[in-house]
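An overview of the molecular structure
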Amino acid sequence: MTNTLKLKAAIAESGLNQEQIAEMLGVSLCTLNYKLNGTSEFKASEIKKLAELLHLDADKVMKIFFADNVD
């Protein structure tokens, strides 16, 4: 399960906005919002791209996208 709070924080820290992230992922802003709100899951290819865009190391990827407990 995705820890959306940590993901949103990583996006904010990157200096990119959600529109830019959606465009870079090749999804609509609406689709990205579904994923950020936990309504829909991220695909593996999207996780890989987000890790690159947000400069996430393997540990952060695990804590954000494969969290057992979500705040």
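Structure shown above.
Now for a description of the structure that goes with this document. This one's a predicted model, so the numbers in the text were calculated from it and none came from an experiment. (Residues numbered from 1 in each chain as written. Predicted model: local features only at pLDDT ≥ 70, side-chain atom pairs only at ≥ 80, totals over all residues. Heavy atoms only, no water.)

**A look at the pattern of salt bridges**
Side chains that differ in sign of charge can pair as their charged atoms come close. Stated precisely, the cut-off is as follows: A pairing counts as a salt bridge when a side-chain nitrogen of Lys or Arg comes within 4 Å of a carboxyl oxygen of Asp or Glu. Each helix corresponds to a stretch of at least 4 residues labelled H or I by DSSP, and each strand to a stretch of at least 2 residues labelled E; elements are numbered beginning at the N terminus. Think of it in three bands: with a 1.4 Å probe and only protein chains considered, a residue is buried below 20% of the maximum accessible area for its type, exposed above 50%, and partly exposed in between.
In this structure the tally under the stated criterion is two salt bridges. Put simply, lysine 35 and glutamate 46 hold a salt bridge, and the shortest N to O gap is 2.8 Å. Separated by 11 residues along the polypeptide, lysine 35 in helix H3 (residues 29-36) and glutamate 46 in helix H4 (residues 44-53) bring together distant segments of the chain. The residues lysine 35 and glutamate 46 share a single accessibility class, namely buried.

**Details of the side chain of lysine 35**
Our working rule: We call two residues in contact whenever any of their non-hydrogen atoms come within 4.5 Å of each other.
Looking at lysine 35, the relative accessible area reads 5%, which means it is buried. Look past the residues within four positions of lysine 35 in its chain and what remains in contact with it is Thr4, Ser40, Glu41, Phe42, Lys43 and Glu46.

**Digging into the packing of helix H2 (residues 18-25) against H4**
The following threshold applies: Lines fitted to C-alpha atoms define the axes here, with helix axes fitted over just the stretch in contact, and angles between the N-to-C directions of these axes take values from 0 to 180 degrees. To sort the angles, those under 35 degrees are grouped as roughly parallel, those over 145 as roughly antiparallel, those from 65 to 115 as roughly perpendicular, and the leftovers as oblique. Two helices that cross are described as forming a left-handed crossing if the nearer one is turned anticlockwise from the farther one by less than a right angle, and a right-handed crossing if clockwise. Residue polarity is assigned by list, with Asp, Glu, Lys and Arg as charged and Ala, Val, Leu, Ile, Met, Phe, Trp, Tyr, Cys and Pro as nonpolar; anything else, Gly included, falls into the polar class.
At their nearest, the axes of H2 and H4 sit 10 Å apart, and the two run at 130° to each other. It follows from the interaxial angle that H2 and H4 lie oblique. Considering only the axes of H2 and H4, their crossing is right-handed. Between H2 and H4, the contacting residues are Ile21, Met24 and Leu25 on the first element and Glu46, Lys49, Leu50 and Leu53 on the second. The class makeup of the residues in the contact of H2 with H4 is five nonpolar, no polar and two charged.

**Some details on the nonpolar core**
The following threshold applies: In plain words, nonpolar cores are sets of buried Ala, Val, Leu, Ile, Met, Phe, Trp, Tyr and Cys residues tied together by side-chain atoms within 4.5 Å.
Grouped together as the largest cluster of nonpolar side chains are 19 residues, with contacts concentrated most on Leu7, Ile21, Leu32, Phe42, Leu54, Leu56 and Phe65. With four residues, the single largest contributor to this core is H4. If sequence neighbours within four positions are ignored, leucine 56 has contacts with Ala10, Leu50, Ala51, Val61, Ile64 and Phe65.

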